Amino acid sequence: MAVRERRKGLRYGYYEGSWDQLPAFGALASVKEGVISDFDFSPRNQSEYFGFRYDGFIRLPETGIYSFFTDSDDGSQLFIGDKLVVDNDGLHGMTEETGVIALRAGFHPLRVTFFEKTGGDELQVYYQGPNIKKQTIPPQVLFFNK
Ligand SMILES: [Ca+2]
């Protein structure tokens, strides 16, 4: 297997549409794609009716039990590999959901999805683990394959 170079950041896809829950972004054509340092909306073209899919890797310093959290308006989900860890889907104001997963030290595939219909829009993503107090996932631990 070829060794791929990992760089800081995440790949994102930006989407537009009117949804009441997270769409299957993989089945949609993105409006734009690129690399971003963390989970923000700066590539968006409009303030309503949009969605993002962020893909990359998170680097964890220790093996142990980790909690992940999303706090979002409207819906969001967080996956580690194929496992849905945080399900915060649906139309709502700022709402926090959490999930727990046992992980080894090292790199793990991370995906966060988000959509906004109307009104307020925000996404915060947190983690907590061995010797890591609950905090925003910092850009320093987010990577993508070049
Ligand atoms: Ca909203």
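Residues numbered from 1 in each chain as written. Predicted model: local features only at pLDDT ≥ 70, side-chain atom pairs only at ≥ 80, totals over all residues. Heavy atoms only, no water.

Let us look at the overall build of the protein. Across its full length, the protein carries zero helices and 12 strands. Its C-alpha radius of gyration of 15 Å places the protein within 12% of the 15 Å reference for a compact globule of 146 residues. Across its three principal directions, the C-alpha atoms of the protein cover 40 × 35 × 25 Å. Residues classed as buried in the protein amount to 45% of the 146 residues present. (Helix = DSSP H or I, 4+ residues; strand = E, 2+ residues; numbered from the N terminus. Rg over C-alpha atoms; globule rule 2.2 N^0.38 Å. Buried < 20%, exposed > 50% of the residue type's maximum accessible area, 1.4 Å probe, protein only.)

What follows deals with the coordination of the calcium ion. Ideal donor angles around a metal are set by the shape: a four-donor tetrahedron calls for 109.5 degrees, a six-donor octahedron for 90 or 180 degrees. Looking at the calcium ion, one finds its protein donor set to be Asp73 (OD), Asp74 (OD), Glu116 (OE), Thr118 (O) and Gly120 (O), positioned 2.3 to 2.6 Å from the metal centre. For the calcium ion, the donor residues sit on a single chain with the sequence spacing D-D-x41-E-x1-T-x1-G. Separated by 46 residues along the polypeptide, Asp74 in the loop between β5 (64-73) and β6 (76-80) and Gly120 in the loop between β9 (106-116) and β10 (122-129) bring together distant segments of the chain. (Donors = N, O, S within 2.8 Å, 3.2 Å for Na, K, Ca; no water.)

Turning our eyes to something else, we now look at the sheet that holds β10. Taken in spatial order, the four strands of this open sheet run β8-β5-β10-β11, and their pairing is antiparallel. Two strands bound the open sheet, and with one partner strand each, they are β8 (95-103) and β11 (132-136). When the angles between neighbouring strand axes are averaged without regard to direction, this sheet yields 15 degrees. Alignment of β5 against β8, held across nine bridges, turns out to be antiparallel. (Pairing = 2+ DSSP bridges. Axes fitted to C-alpha atoms, helices over the stretch in contact; angles between N-to-C directions.)

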